[in-house]
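# Secondary and tertiary structure notes
Spelled out from the first residue to the last, the chains are:
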Amino acid sequence: MIGAVLVALQLASTTPAALTVRAGDSESVVPLVETNLGAAISLERLSPLVPLTITAVGTDRFSLKIAGVDMELRDQLPFARVSGQVVPLAAAPFVVGGHLHVPFEIVSELLPRAAADRVRYNPSRAELRFTGPATTASVALIPASEATAKRAAPSRPGTRARKRRIVVDAGHGGVDNGMRGPIGASWTIYEKNITLAVAEKLDTALRSRGMDVTMTRTRDTLIALDDRGKIANEVHGDVFVSIHVNAANLAWHKPADARGYETYFLAEAKTEDAKRVERMENESVHFETNSSSEKDDPLTFIKLDMAQNEHLRESSELAEMIQQHLGTMEPGPSRGVKQAGFRVLVTAYMPAVLVEIGFGTNAEEARFINNPAKQREIANAIAAAVGEYLDHYERRLGSATP
Ligand SMILES: [Zn+2]
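The paragraphs below set out a description of the structure included in this document.

## Structural notes on the overall build of the protein chain
On a plain count of helices and strands, the protein chain comes out with 11 helices and 22 strands. Residues counted as buried form 52% of the 402 residues belonging to the protein chain. Long-range contacts, defined here as pairs at least 24 residues apart, represent 71% of the contacts in the protein chain between residues at least 6 apart. Total accessible area on the protein chain is roughly 18200 Å²; 53% of this is exposed by carbon and sulfur atoms.

Set out below in structure tokens:
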């Protein structure tokens, strides 16, 4: 058992970020998903180069035929049955957004061993070479309950049959006021009102650029954090943008002086300041009365986090562009692009960012973000950034798949 763990650790340390799948003259690159137990891969991504059938048996069992090898897997169980033999795995398979993910070792070790005549893995090139007939149809059957959560990727150019859809999320709402400020002033702003006002103007700005918009809320109501991402998935959003207002920690030296704008993408918080904002924005969950038990299950949280990992690079690029465009109109300072574990971003299977448009605790910034004309400028800057990001993204996809 200890031996197996050591082998697993060694593998984890040498796993590549992506796998090249090759069959004849065809090749495709499949990203790996980082987990705390090593790399995992979405099996469906191997098709059509590797003939593959996935059949869901009940809710948590999967029967696969992959390159002619029969395999059985169970969601959350670190074992595989390969050609009738039970084999322990370094980590358990899991399902995210309707996609079966398996530990990388299934592709790099188990499969080449079971189908030595048809599949070979080259670790130095991170290449899976498939030499059998590639004509077998590939079918992926996923339980209906999972299929609704299927990930929506931006459509490819040329085949785009619909407009880009941006999901605009006005932070907080209803009993959840969000932050209030400014510190020491005789007047008060509430975050939930500012975020809605900016979101409405962002809606207008995006539509004027030819994009479709879905707002997670258009009134002063509370929407559960997890539901905001689910709404985004349901409408197959291409991008998710959540609008928020920052608040200084009262324990800071001169908290009323803190100011600036920053954009976050979803990942583990790296700094104390990012952790502060993460805690603050995740607080909203306490206002949710009908919170499901699933929401409090840390495992679910981590699993969903891994699905978002697929969009990490896109999300950080989008955050970068928003930060740049805000810099053309915000009095500043730019606090930069940051990362933190925002609950509201976890459930959205698409590039997703959270923008802190300014500090409501600072009187000057509170006045700025409360000014309808300035709100329109903020909205225009974000809309321009989203448009530029999608242009970039689609160009990149276009050059990758001619
Ligand atoms: Zn907020």
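## Regarding the coordination of the zinc ion
Those donors, His172 (NE2), Glu191 (OE), His244 (ND1), Glu281 (OE) and Glu281 (OE), are the protein atoms that reach the zinc ion, and they lie 2.0 to 2.5 Å from it. Sequence positions of the residues that donate to the zinc ion give the spacing H-x18-E-x52-H-x36-E. Note that His172 is positioned in the loop between strand 15 (165–170) and strand 16 (180–181) and Glu191 in helix 4 (residues 191–208), a separation of 19 residues in sequence.

## A closer look at the side chain of Ser42
Here Ser42 is to be found in strand 4 (residues 38–42). If we skip the residues at most four places from it in the chain, Ser42 touches His99, Leu100 and His101.

## Some points on the packing of aromatic side chains
Applying the stated criterion across every chain yields a total of 4 aromatic pairs. Seen from their ring centres, Trp252 and Phe359 are 6.4 Å apart, and the 55° between their planes marks the pair as tilted. In this pair, Trp252 sits in the loop between strand 19 (239–246) and strand 20 (261–266) while Phe359 sits in strand 22 (residues 352–359), placing the two residues 107 residues apart along the sequence. According to the relative accessible area criterion, Trp252 is partly exposed, its value standing at 27%.

## A few points about the pattern of salt bridges
With the rule as written, the count across this model stands at 23 salt bridges. We note a salt bridge from Arg22 to Glu127, for which the minimum N-O separation is 2.8 Å. Here Glu127 lies in strand 13 (residues 127–130) and Arg22 lies in strand 1 (residues 18–23), a separation of 105 residues in the sequence. As far as the burial class goes, Arg22 and Glu127 line up, both buried. Arg165 is the partner of Asp212 in a salt bridge, and the nearest nitrogen-oxygen pair spans 3.6 Å. Linking Asp212 in strand 18 (residues 212–215) with Arg165 in strand 15, this pair joins segments that are 47 residues apart in sequence. Each of Glu262, Asp273, Arg276, Arg335 and Lys338 takes part in one network of salt bridges that share partners.

## Looking at the sheet that holds strand 13
As summarised here, the arrangement of the 4 strands in space is 2-1-13-12, forming an open sheet in which the pairing is mixed. Either end of the sheet is taken by a strand with one partner, and the two such strands are strand 2 (26–31) and strand 12 (119–122). Strand after strand, the sheet turns through a mean of 20° between neighbouring axes, direction not considered. Here 4 bridges tie strand 12 to strand 13, and the two strands are oriented antiparallel to one another. Counterpart to Tyr121 in the pairing with strand 13 is Leu128. Seen against the sheet, helix 2 (residues 105–114) touches strand 1, strand 12 and strand 13 and runs at an angle of roughly 145° to strand 12.

## A closer look at helix 2
Along helix 2, 7 of the 10 residues are buried, which leaves the element largely enclosed by surrounding structure. Three or more residues of helix 2 are buried, namely Glu105, Ile106, Val107, Ser108, Leu110, Leu111 and Pro112.

## Details of helix 4
Helix length check: helix 4, at 18 residues, gives a terminal C-alpha distance of 26 Å against a target of 26 Å (1.5 Å per residue), a fit within 8%. Across the 18 residues of helix 4, 13 count as buried, placing the element largely inside the fold. Immediately downstream of helix 4, the backbone of Gly210 shows phi near 85°, a positive value.

## Quick word on the nonpolar core
Ranked by size, the top nonpolar core spans 46 residues in total, and within it Val241, Ile382 and Val386 carry the most contacts. Residue contributions to this core peak at 11 residues, all from helix 11 (residues 372–400). Val386 has contacts with Ile166, Leu206, Met211, Val239, Val241 and Leu318, leaving out every residue within four places of it along the chain. Counting residues in each nonpolar core, the second largest holds 38 residues, with Ala23, Leu52, Ala67 and Tyr121 among its members.

## With respect to a nonpolar patch on the surface
Nonpolar side chains collect at one region of the surface, where Leu77, Phe79 and Val86 lie side by side and expose about 260 Å² of accessible area between them. Looking at the secondary structure, you find Phe79 in strand 8 (residues 79–82).

About the thresholds
- Residues numbered from 1 in each chain as written.
- Predicted model: local features only at pLDDT ≥ 70, side-chain atom pairs only at ≥ 80, totals over all residues.
- Heavy atoms only, no water.
- Helix = DSSP H or I, 4+ residues; strand = E, 2+ residues; numbered from the N terminus.
- Buried < 20%, exposed > 50% of the residue type's maximum accessible area, 1.4 Å probe, protein only.
- Contact = heavy atoms within 4.5 Å.
- Areas by Shrake-Rupley, 256 points an atom, 1.4 Å probe, with all protein chains shown as cover.
- Donors = N, O, S within 2.8 Å, 3.2 Å for Na, K, Ca; no water.
- Phe/Tyr/Trp six-rings, centres within 6.5 Å; stacked < 30°, edge-to-face > 60°.
- Salt bridge = Lys/Arg side-chain N within 4 Å of Asp/Glu carboxyl O.
- Pairing = 2+ DSSP bridges.
- Axes fitted to C-alpha atoms, helices over the stretch in contact; angles between N-to-C directions.
- Expected span 1.5 Å × (residues − 1).
- Core = buried A, V, L, I, M, F, W, Y, C linked by side-chain atoms within 4.5 Å.
- Patch = residues over 30% accessible without salt bridge, like charges linked within 9 Å, V, L, I, M, F, W, Y side chains within 5 Å.

So, to be careful, I would describe these as geometric facts and stop short of saying anything about function.
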